[in-house]
Amino acid sequence: RDREFNASEREVIKLLEQWAGYELERQRFEERLEGLHGTAQRLLTAETTTDVAKITIEMIVDAFDLPVSAFWKYDANQDVLRPVTETDEAVRIVGEAPTFERGDALLWESFDGGKIRHYEDLTEQPEAYNPETPLRSEVHVPCGTYGIITSAATEPRAFDEIDIESLRLLEGLVTEAVTAVKREERLAARGETLQRQNERLEEFADIVAHDLRNPLAGAIGFLEIGRETNEPQY
């Protein structure tokens, strides 16, 4: 064009830019919600905490496009955060995930705090587990008292509000799924306990029946004789 854009035209272009940005964010978030819906259906079929963890990490990679992710579960007996599953990209960048003892890493602060924590630049965190890590930004997502999800990136400030909110919604699904799994495990254990108790009762009943069978048979015989003879000693 043969003239510059005037102030009004520039303002219209800015508004169009904002509108396009909002629309793209809305579409992206809707895609995340659709992915969460599909994940919820899959989590309903999970039978173990490991199943829940694997479904969760697959979803984070496929639907959220966060390839450096892992899931730790809390081991109450040992008081440690133990890795359950991690992505291939996470292993490639930092190696296999370690087991964290209490206080070992920022992960523990997030787990104990029970709230999502977002670190925009890990080089600014003196408490980082490995100061030499190639990871620069990280998000920690505690799942109740069961464990914690992490997603990381080699760039600082790699996570935006949609990433954080998507992970927040996922946390609710994961916590409910693990709660359901634990409930089923308790019911199954209770059922096994009742079955063992019933088996012991049946064994006891068989023993008692065997021990009483001969005396009862004798008593019945004497009773019949007494009735026939009218002898009181029987």
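The structure under discussion appears in the preceding block.
Residues numbered from 1 in each chain as written. Predicted model: local features only at pLDDT ≥ 70, side-chain atom pairs only at ≥ 80, totals over all residues. Heavy atoms only, no water.

(A) Focus on the sheet that holds strand β3 (residues 100-101). Overall, antiparallel pairing links the 6 strands, which are arranged β3-β2-β1-β6-β5-β4 in an open sheet. Bordering the open sheet on either side are β3 and β4 (117-119), each of which pairs with just one other strand. Bridging between strand β1 (residues 69-75) and strand β6 (residues 147-153) involves 5 bridges; their strand directions are antiparallel. Bridging from a neighbouring strand, alanine 70 pairs with threonine 150 of β6. (Pairing = 2+ DSSP bridges. Helix = DSSP H or I, 4+ residues; strand = E, 2+ residues; numbered from the N terminus.)

(B) Structural context of helix α2 (residues 49-62). For α2, built from 14 residues, the straight-helix expectation of 20 Å at 1.5 Å per residue is met to within 8% by its first-to-last C-alpha distance of 20 Å. Considered for burial, the residues of α2 that qualify are Thr49, Val52, Ala53, Ile55, Thr56, Ile57, Met59 and Ile60. (Expected span 1.5 Å × (residues − 1). Buried < 20%, exposed > 50% of the residue type's maximum accessible area, 1.4 Å probe, protein only.)

(C) Spatial organisation of the nonpolar core. Val52, Ile60, Phe64, Ile149, Leu167, Leu170 and Val174 are the most contacted members of the largest nonpolar core, which totals 25 residues. Contributing elements (two or more residues each) for this core: α1 (7-43), α2, β5 (137-143), β6 and α5 (161-229). No other element matches α5, which puts 7 residues into this core. (Core = buried A, V, L, I, M, F, W, Y, C linked by side-chain atoms within 4.5 Å.)

(D) Quick look at helix α4 (residues 106-113). Within α4, burial applies to Leu106, Leu107, Trp108, Ser110 and Phe111. Residues of α4 that are buried in the fold lie against β1, β2 (80-86), β3, β4, β5 and β6. Just past α4, the residue glycine 114 takes up positive phi, approximately 75°. (Contact = heavy atoms within 4.5 Å.)

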